[in-house]
Every structure is written in structure tokens, then in C-alpha cells.
Amino acid sequence: MEDIFITNDRLDSKACTETVTYPGAGGIVVFVGTVRNQTKGKTVKHLEFESYEKMALKEMQKIADEATERWSLYKMVIHHRLGLVPIEEEAVVIACSSAHRKEAFEACQYAIDTLKETVPIWKKEVFEDGEVWVSAHP
Amino acid sequence: MEIEVVAFGIAKDIIKGKQVSISLSDNFTVGEARKKLSEQYPDFSKLTSLRFAVNADYVQDDYVLNPKDEVVLIPPVSGG
């Protein structure tokens, strides 16, 4: 079972954990990406995310399919937030369950690493004195 | 033919809008569209990468464009 979702509302990592809970599972791994208050020593006010939503959902689905198949997961959830996200709030939640912990750890790591490479979502860091699209320039 | 190219993230700032129309002769490839856009907007060459998506899938530079394609510029992604 996979649950792929993009929203402008707050994410709920606790609900995601419950979604992947399963009788046959011996391990659940949850990654929560939260908004940090600084980057390279510079104070960040908040982040702003935008996406090419149709394709983002498709790419997130591919990640969940691949991870589920490769690590024999019971369930995987990938939720991403868009719009303005304040400091400390959740920007992304990835949760998965498997029979044993090793598979869940590896699948979760694969999912967040691949999301950062392939899913068309863009993050802008907003500072007191300006803003920067993250990773745009070398 | 005319192709509408939609932009996101920093690509929107570079073209100063949500989309740009480029004229190409028939059977032009993504690589040729890329060249044309880079000439028109030199700031694209400063990016870490610039990928193209057609109909919500990544495509390579040898993809031949069709006027009905939904063409989207994908500057370096930074989700998560």
C-alpha cells in the first residue's frame, strides 16, 4: 500500500506512522524533513516550495513503487508540503514498514535521496534581506 | 511551429514569466529548443542543470518535439 500526497496544509508525521503500521511489520522508519532556521550561518525566515504537481506526484509514485518492490515493504507514505513553510514545521514526511528494520532504513534513505534528485519540487530560502532558489547554482 | 514552454522555480525568474513561446521549424528536438532558449536567456547557462519534461516525464535532448506536447523547464530540483 502506498500513499502519495502533496498539500499546502500542515503535514502530520504521526498520522503517517499510523498509516504504515501493519501486523506483519517488525520495523517502521519515518523521515521528517523540517525547516531549519539558518543556512551557512545566515538566518532563514521561512521556506517557500512550489511544484510541477502532476509530474511530482508521478515521480513520487515511481519512488514508492521501486522502494516497495526492492525492499519488500508493507507500506510506504510520501507526503510533501508546498507554499510557505515556517521554521520547525514539517516539509516532507516519508514513512515505511517492513518485516525487519534493515529494509525499512534502506528504503527510507533511498526514497528521500531520490526525491531530492528527481521530484520536480523547488525550495526557496527567504532571508531578512532577500531570497535564494536552493541548489540552482553551482 | 510554436512551442509553449512552461517554467518553474528559478527558470520563471530567468524568463520573467510563467511561460515563453519559442518558434522552431518542424521536427525540432529538445536539444535545439535548449540552444534557442540559452541564446535568448544567457542566465540559463549559469544553472547547475536544466532538464526538460514533456507530458510530465523527463526527456533527453534527442526527443523530437510535437506542437501538442506539454513542455516544461526543470531547473535543479530541491524538494525535501
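Every value quoted in this text rests on a predicted model; they were computed, and no experiment measured them.

Scoring rules and cut-offs
Residues numbered from 1 in each chain as written. Chains lettered and ligands numbered in written order. Predicted model: local features only at pLDDT ≥ 70, side-chain atom pairs only at ≥ 80, totals over all residues. Heavy atoms only, no water. Helix = DSSP H or I, 4+ residues; strand = E, 2+ residues; numbered from the N terminus. Pairing = 2+ DSSP bridges. Axes fitted to C-alpha atoms, helices over the stretch in contact; angles between N-to-C directions. Contact = heavy atoms within 4.5 Å. Salt bridge = Lys/Arg side-chain N within 4 Å of Asp/Glu carboxyl O. Nonpolar A, V, L, I, M, F, W, Y, C, P; charged D, E, K, R; others polar. Parallel < 35°, antiparallel > 145°, perpendicular 65-115°, else oblique. Left-handed = near helix turned anticlockwise from the far one by under 90°. Phe/Tyr/Trp six-rings, centres within 6.5 Å; stacked < 30°, edge-to-face > 60°. Lys NZ or Arg CZ within 6 Å of the ring centre and 35° of its normal.

Draft legend 1. Broad picture of unusual backbone geometry. Positive phi, close to 45°, is recorded for Lys40 of chain A, a residue that is not glycine. Within the secondary structure, Lys40 of chain A sits in the loop between strand 3 (38-39) and strand 4 (42-51).

Draft legend 2. Local environment of the sheet that holds strand 5 (residues 75-81) of chain A. Residues and elements named next belong to chain A. Spatial ordering of the open sheet is given by 1-5-7-2, a layout of 4 strands whose pairing is mixed. The open sheet is flanked by strand 1 (2-7) and strand 2 (27-34), the only strands paired with a single partner. Here the strands of the sheet are splayed against their neighbours by 5° on average, with no regard to which way each runs. Across 8 bridges, strand 2 lies against strand 7 (residues 90-98) in antiparallel orientation. Residue pairing in the sheet places Phe31 in a bridge with Ile94 of strand 7.

Draft legend 3. Representation of the interface of chain A and chain B in the model. At the interface, 28 residues of chain A touch 23 residues of chain B. Run the count over chain A and chain B and you get 4 salt bridges. Residue Lys62 of chain A pairs with Asp57 of chain B through a salt bridge whose shortest N-O separation is 3.7 Å. Elements represented by at least two residues in the side of chain A that touches chain B include exactly strand 4, helix 2 (53-70), strand 7, helix 3 (101-118) and strand 8 (121-127) of chain A. Counted by class, the side of chain A that touches chain B contains 15 nonpolar, 5 polar and 8 charged residues.

Draft legend 4. Layout of the pairing of strand 1 (residues 2-7) of chain B. Residue and element names in this part refer to chain B. Where strand 1 meets strand 2 (residues 19-23), 5 bridges bridge the pair, whose relative direction is antiparallel. Across the sheet, the residue bridging to Val6 is Gln19, located in strand 2. Bridge analysis of strand 1 against strand 5 (residues 71-74) gives 3 bridges, and the strand direction is parallel. Note that in strand 5 the partner of Val5 across the bridge is Val71.

Draft legend 5. Inspection of the packing of helix 2 of chain A against helix 3 of chain A at higher detail. Residues and elements named next belong to chain A. At a closest axis distance of 10 Å, the pairing of helix 2 and helix 3 adopts a crossing angle of 155°. Classified by the angle their axes make, helix 2 and helix 3 are roughly antiparallel. For the pair helix 2 and helix 3, the crossing hand works out as right-handed. Contacts between helix 2 and helix 3 involve Glu59, Ile63, Glu66, Ala67 and Arg70 from the former and Ala107, Tyr110, Ala111, Thr114, Leu115 and Thr118 from the latter. The residue inventory of the contact of helix 2 with helix 3, partitioned by class, reads 6 nonpolar, 2 polar and 3 charged.

Draft legend 6. Up close: the packing of aromatic side chains. Scanning the model with the defined rule gives 5 aromatic pairs over all chains in all. Ring geometry for Tyr41 of chain B versus Phe44 of chain B: centroids 6.1 Å apart, planes at 80°, classification edge-to-face. Among the aromatic residues, those joined into a ring-pair cluster are Tyr52 and Trp122 of chain A together with Phe8 of chain B. One cation-aromatic arrangement involves Arg70 of chain A over Tyr110 of chain A; the distance from NZ or CZ to the ring centre is 5.1 Å. Its guanidinium or amino end placed over the ring of Phe8 of chain B, Lys18 of chain B lies 3.5 Å from that ring's centre, counting from NZ or CZ.

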